[in-house]
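Examining the three-dimensional arrangement
Listed below are the residues making up each chain.
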Amino acid sequence: MNDFYPHSVPRDTGWIEVIAGCMFSGKTEELIRRLRRAKIARQNVVIFKPKIDVRYSSTEIVSHSEQSLPSVLVESAKEILELSKDAQVVGIDEAQFFSYELVEVCNKLADSGKRVIVAGLDQDYRGIPFEPMPQILAIAEYITKTLAICVVCGNPADKTQRKITSKERVLVGASDSYEARCRKCHYIPENQTEQK
Ligand code: ZN
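Residues numbered from 1 in each chain as written. Predicted model: local features only at pLDDT ≥ 70, side-chain atom pairs only at ≥ 80, totals over all residues. Heavy atoms only, no water.

Things to note about the sheet that holds strand β5 (residues 72-74)
Spatially, β5-β2-β6-β7-β1-β8 is the arrangement adopted by the six strands of the open sheet, whose pairing is parallel. Of all strands in the sheet, those bounded by a partner on one side alone are β5 and β8 (142-146). Neighbour-to-neighbour, the strand axes of the sheet open up by a mean angle of 20 degrees, direction not taken into account. Against the sheet, helix α1 (residues 27-40) touches β1 (15-21), β2 (45-50), β6 (89-92), β7 (115-121) and β8, its axis set at about 165 degrees to β7. (Pairing = 2+ DSSP bridges. Helix = DSSP H or I, 4+ residues; strand = E, 2+ residues; numbered from the N terminus. Axes fitted to C-alpha atoms, helices over the stretch in contact; angles between N-to-C directions. Contact = heavy atoms within 4.5 Å.)

Written out as C-alpha cells, the structure reads:
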C-alpha cells in the first residue's frame, strides 16, 4: 500500500488525497501510479480531466514522461458527480482548472464512500495559490507535495517559471513556455503582477 497512509487504509469510509505541486514535478505520474494500482486491485476506477486541457490527447491523462490512462473530459465539476456513481476510486487531473464547485463535489464523493485522488497545480506562474487547490488541500485527509528540480541551480523546486510574456493565468498546451524554479531563482515577469 502507498506509504503516505498513517497506519492502514481507512475502512467503511471514503477519503480525499491531493497531489499538489508545480509543473514538471510528476503530479500526473503519481496520479497514474496510484490509479494503476487501484485497477490492479480490481477496483472500479474512473478518471476525469477538465475540457480545457487538450494537450497530447483528448481522452487520456498524460504525464510529461508519457505515461497515460484513459480519462473522461468534463466541462464542470458537477459532471464528475454524475459520471462516477459506480466508481470506487475517482481520479481528477488538472484540478486547478475547475471552479470552486469541485470542493463540494470532492466532499460528496468521499462522503459516499469513494477514494478521491486529486492532482493539480498549487500555485500559478506568479507563485499565487491556484484556486480551488487551497480549498481542496484543506479538506483532504492525505496530501503529497511533489517537487521538481530547479533548472537554474538544482535545488528542489516548487514554482512554475513562465518564460514568455502573457497576462493570461494559464497558457494551455504551452509547456515549452514554462520551467521549474526554486524560491530563490523564481521571479514574476515584469508587468505581469495583475490578478486575473
Ligand atoms: Zn534555483
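Here we look at the pairing of β1
Taking burial as the measure, the seven residues of β1 include seven buried ones, the bulk of the element. Alternating positions in β1 separate into two faces, W15, E17, I19 and G21 on one and I16, V18 and A20 on the other, with burial throughout. Bridge count for β1 against β7 is seven bridges, and the pairing is parallel. Paired with E17 across the bridge in β7 is I117. Across five bridges, the pairing between β1 and β8 is parallel. Counted as the bridge partner of E17 is Y142 from β8. (Buried < 20%, exposed > 50% of the residue type's maximum accessible area, 1.4 Å probe, protein only.)

Describing the coordination of the zinc ion
All of the protein donors around the zinc ion are C150 (SG), C153 (SG), C182 (SG) and C185 (SG); their distances to the metal are 2.3 to 2.4 Å. For the zinc ion, the four donor atoms in the first shell make angles of 103 to 118 degrees at the metal, so the coordination geometry reads as tetrahedral. If you list the donors of the zinc ion from N- to C-terminus, the spacing comes out as C-x2-C-x28-C-x2-C. Placement of the pair is C153 in the loop between β9 (148-149) and β10 (156-157) and C185 in the segment after β12 (178-181), with a sequence separation of 32 residues. (Donors = N, O, S within 2.8 Å, 3.2 Å for Na, K, Ca; no water. Tetrahedral: all angles 85-135°; square planar, octahedral: opposite > 155°, others 65-115°.)

A few points about the side chain of T146
Counting through the fold element by element, T146 comes out in strand β8. Judged by relative accessible area, T146 falls into the buried class, the value being 9%. Engagement of the side chain of T146 in a polar contact is seen with the side chain of S25, the distance being 2.8 Å. (Polar contact = N/O pair within 3.5 Å; in protein donor to acceptor, adjacent residues only side chain to side chain.)

Purely geometric numbers; function is a separate question.
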